[in-house]
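Listed below are the residues making up each chain.
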Amino acid sequence: MKKKLSSLIIFLICAMTCLNAVSIDARARGNAVLTSEDVSYAFSHNPAFLASSDFSLEIPLSARLYNASGILKNDFISNLSDIASMDQERMVSGILDFLREFSGTMPLVSIEERIALTLFGMGASISASERVITTGGSVATNLSLDLRGTLSAGFAHKFDFDDGWSLAAGAILNLDYMICTSPAGVETVVGILLDPDGSGDFSIYSGHAVSADIGINITYPLGFSTAFTVRNLGSAYHMNDDNGNSFTLPNPVEMDTAAGWKGSWSFLSLDLEIGMRGWNRIRSYPDLLESLNAGASLGITKFIDINLGLDGGYPSCGITFDFLCFEI
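Please read all numbers here as calculations on a predicted model, not as lab measurements. (Residues numbered from 1 in each chain as written. Predicted model: local features only at pLDDT ≥ 70, side-chain atom pairs only at ≥ 80, totals over all residues. Heavy atoms only, no water.)

A. Focus on unusual backbone geometry. Not every positive phi belongs to a glycine, and Glu37 is a case in point at roughly 55°. Looking at the element boundaries, Glu37 is found in the loop between helix H2 (24-28) and strand S1 (55-58). (Helix = DSSP H or I, 4+ residues; strand = E, 2+ residues; numbered from the N terminus.)

Laid out in structure tokens, this is it:
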């Protein structure tokens, strides 16, 4: 029962704060940042970027609510009032109305936090992510939790050559831990919220994996660059359920590659990239389209960036404001 109460607490954190620390910039650019030479992307995209800064300390915390337009258009205030009423029937009705636009398997809300330190090519990071995931649809909607933590350490070095050529290479070792639950119906979730000591019709799984990421970034004259990364080299997740049963979950290796170009003129700068993510797992034409990603970032002075991207067929955009050590 203590495990289920802990899951309840985590669920409440996810549901009330709906936060998500892969960089918002990277998402706005379609995750096309493998050639960006920014230490911010060292642990999430290319380990070679550990060599991009002599010192950095980052504590990113960002928010993500999925399908916000669908949630907001379904009488948001009334549904929120029903959920807060602590009346079981109204709570079930309010949550189902929130999820009316959801179908299949997709996240509802997610949180990611990270603290990362780099120093002269060496780096260490502690990160955590929490997601509430929906499956099914309409009255058959189920909710589950996916909680992950990662302890990472790595090293990279950059070799500078003549005429604007350089090569940066790095590797990061990751110790991953996961806790997840089996899908539970909305009625079950509401019952647990109202009575944490009651029995819940779901199971809790936990496990760990050890993996490594490697990456290189090559810069050429005239602002061109290429990058190549390999992720999740190592073991599958070794899982256990709350009955003591053991099994494994795959942690598939992913290979990414990209080509980029950078240019600057007076107070303007432009960063372009096109690439393929997980291209080693392409088996069909839809897989190819899902693998493609592209991004552009237009810098206006040193304080404003306008970002555009395309990731797996989904467009994105964003504006970044830099103010001292803050990024909005």
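Now, onward.
B. Here's a closer look at the confidence of the model for the protein chain. For the protein chain, per-residue confidence averages 85 on the pLDDT scale, and 91% of positions sit at 70 or higher. This model gives residues 1-21 a pLDDT under 50, and the stretch forms 55 contacts once residues within four places in sequence are excluded. (pLDDT = per-residue confidence, 0-100. Contact = heavy atoms within 4.5 Å.)

C. Here's a closer look at the pattern of salt bridges. Under the counting rule described, the total for this entry stands at 7 salt bridges. Among the salt bridges present, the one from Arg29 reaches Asp271, with a minimum N-O distance of 3.5 Å. Taken together, the residues span a long stretch of sequence, with Arg29 in the loop between H2 and S1 and Asp271 in strand S13 (residues 268-276) at a distance of 242 residues. Between Arg277 and Asp311 there is a salt bridge, with the nearest N and O atoms lying 2.6 Å from each other. One end of the pair, Arg277, is in the loop between S13 and helix H7 (285-291); the other, Asp311, is in strand S15 (residues 304-311), and 34 residues separate them in sequence. (Salt bridge = Lys/Arg side-chain N within 4 Å of Asp/Glu carboxyl O.)

D. Representation of helix H6 (residues 186-194) in the model. Listing the buried residues of H6 in full gives Val186, Val189, Val190, Ile192 and Leu193. Seen end-on, H6 carries its buried residues on one side only, within an arc spanning 160°. (Buried < 20%, exposed > 50% of the residue type's maximum accessible area, 1.4 Å probe, protein only. Arc of directions from axis to C-beta.)

E. The arrangement of the environment of Ser129 in detail. With respect to the helices, strands and loops of the structure, Ser129 is situated in strand S4 (residues 122-135). Look at Ser129 and you get buried, because its relative accessible area is 17%. Sequence separation between Ser129 and Glu112 is 17 residues, and the spatial gap between their C-alpha atoms is 4.2 Å. Ser129 has contacts with Ile111, Glu112, Glu113, Asp146, Leu147 and Arg148, leaving out every residue within four places of it along the chain.

F. View of the environment of Leu310. Inspection of the secondary structure assignment puts Leu310 in strand S15. A sequence separation of 15 residues divides Leu310 from Gly295, and the C-alpha atoms of the two residues are 6.3 Å apart. Non-local contacts of Leu310, meaning those with residues more than four positions away in its chain, are made with Gly30, Leu292, Asn293, Ala294, Pro315 and Ser316.

G. Inspection of a nonpolar patch on the surface at higher detail. On the surface, Phe55, Leu57, Ile59, Ile115, Leu117, Leu119, Phe120, Ile126, Leu151, Leu173, Leu175 and Val210 cluster together into a nonpolar patch covering about 1,200 Å² of accessible area. Counting residues per element, the ones that place at least two in the nonpolar patch are S1, strand S3 (106-119) and strand S6 (166-181). With 3 residues, the single largest contributor to the nonpolar patch is S3. Of note, Leu57 is situated in strand S1. Look at Leu57 and you get exposed, because its relative accessible area is 52%. (Patch = residues over 30% accessible without salt bridge, like charges linked within 9 Å, V, L, I, M, F, W, Y side chains within 5 Å. Areas by Shrake-Rupley, 256 points an atom, 1.4 Å probe, with all protein chains shown as cover.)

H. Highlighting helix H5 (residues 88-98). Every buried residue of H5 is listed here: Met91, Val92, Gly94, Ile95, Leu96, Asp97 and Phe98. Taken together, the buried residues of H5 touch helix H3 (68-73), helix H4 (76-84) and H6.

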